[in-house]
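Each chain, written out:
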Amino acid sequence: MITYLGHSTVLFETDQVRILIDPGNFSSAWHGLRDLDAIVVTHGHGDHIDPENLPDLLAGNPQAQLIVEPTIPDSIDLPQAQRLSAGSTLKISSTTIEAVGGLHAIIHCDIPRIGNVGVMFTTPGEPTLFHPGDALDTAPRGVDILAIPAHAPWCAMKETIEFVREVDAPQGFLIHDGLINERGWNLTFHRLGEMTNTHLADRRSMEGF
């Protein structure tokens, strides 16, 4: 099961694992979650990792592995974090997590790029999920469900359309929508539905995921 929790925060669940992705400060629905097996963070921007509320989440889930893009612990004190580099994999029970990419998308040439890993979750007998974090430059094969950034200072719709076409997942849903209103969200949702082969689920139902 995949549950959208606001902006880029997603809860990925199978019969054996509960994994939270990108608990950032643009959403609060993840506050108070329990019984997590892992917390995965794609990069160090505040809308993907919230240092203020993360300690409470970790305290409430002492069994959960904290798995982060490798440069994050250099700027945020996370002594228990496991660094996940692009090109590496690890397993949480029967779920394999694969990291791809390595760099955040360019915001502006004057703004230094930081690390970013897209994360792919593969479980035998379950649909494969890909969450790209903040980059569209890596399109892995074999994705069943794609988390698609709806809007960001680092991408334009033309880039998003090409990214969704290249991944060519049967299903997808919009994330990274904290900076647009409902009109902008609907425009992106319908345009991607018209111009790609990926069937988009409405975030308000997420039926079938």
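Refer to the structure printed above.
Here is what the cut-offs are and how they apply
Each chain has its residues counted from 1, following the order in which its sequence is written. For this predicted model, a pLDDT threshold of at least 70 governs which residues receive local features, and a threshold of 80 or more governs which side-chain atom pairs are given and counted, while totals over whole chains, interfaces and linings are taken from all residues. Based on all heavy atoms of the structure, the side-chain values leave hydrogens and waters out of the count. Only when DSSP finds a minimum of two bridges between them are two strands counted as paired. Secondary structure elements follow DSSP: runs of H or I no shorter than four residues count as helices, runs of E no shorter than two count as strands, and numbering proceeds from the N terminus. Stacked, tilted and edge-to-face are the three classes assigned to paired rings of Phe, Tyr and Trp, where Trp is represented by its six-membered ring and a pair needs centres within 6.5 Å; plane angles under 30 degrees give stacked, over 60 edge-to-face, the rest tilted. Relative accessible area decides the class of each residue, using a 1.4 Å probe on protein chains only: under 20% of the type maximum gives buried, over 50% gives exposed, and in between gives partly exposed. How far a helix is expected to stretch is found by multiplying one less than its residue total by 1.5 Å. Regarding the arc, it is the one traced by the directions from the helix axis to the C-beta atoms. We call two residues contacting when some pair of their heavy atoms lies within 4.5 Å. Here a polar contact is taken to be a pair of N or O atoms separated by no more than 3.5 Å, where protein atoms must pair a possible hydrogen donor with a possible acceptor and residues adjacent in sequence count only if both atoms sit in side chains.

Student: Is there a simple way to explain the sheet that holds strand E3 (residues 18-21) in this structure?
Tutor: Strand pairs in the sheet, formed through backbone hydrogen bonds, run parallel or antiparallel to each other. Taking strand neighbours across the sheet as the criterion, the six strands line up as E1-E2-E3-E4-E5-E6 in an open arrangement whose pairing is mixed. At either end of the open sheet lies a strand with only one pairing partner, and these are strand E1 (2-4) and strand E6 (82-83). Bridge count for strand E2 (residues 10-13) against E3 is four bridges, and the pairing is antiparallel. Of the residues in E3, the one forming a bridge with Phe-12 is Ile-19.

Student: Would you explain the packing of aromatic side chains in this entry?
Tutor: Within the structure shown, the criterion is met by two aromatic pairs. Between Trp-185 and Phe-189 the ring centres are 4.9 Å apart and the planes differ by 15 degrees, which places this aromatic pair in the stacked class. Of this pair, Trp-185 and Phe-189 both sit in helix H3 (residues 182-195), four residues apart, which is roughly one turn of the helix. Each member of the pair, Trp-185 together with Phe-189, is buried.

Student: How should H3 be read in this particular structure?
Tutor: Note: α-helices contain 3.6 residues per turn, so residues at a spacing of three or four share the same orientation. With 14 residues, H3 ought to run about 20 Å at 1.5 Å a step, and its terminal C-alpha atoms sit 20 Å apart, in line with that. Regarding H3, the residues found buried are Trp-185, Thr-188, Phe-189 and Leu-192. For H3, the buried positions fall inside an angular range of 100 degrees around the axis, keeping them on one side. In H3, the exposed positions that point more than 90 degrees away from the buried face belong to Arg-183 and Glu-194. On its buried face, H3 sits against strand E11 (145-149), helix H2 (157-167), strand E12 (171-175) and strand E13 (199-200). Among the residues of H3, the N-terminal cap falls to Asn-181, whose side-chain oxygen and the backbone nitrogen of Arg-183 are separated by 3.1 Å.

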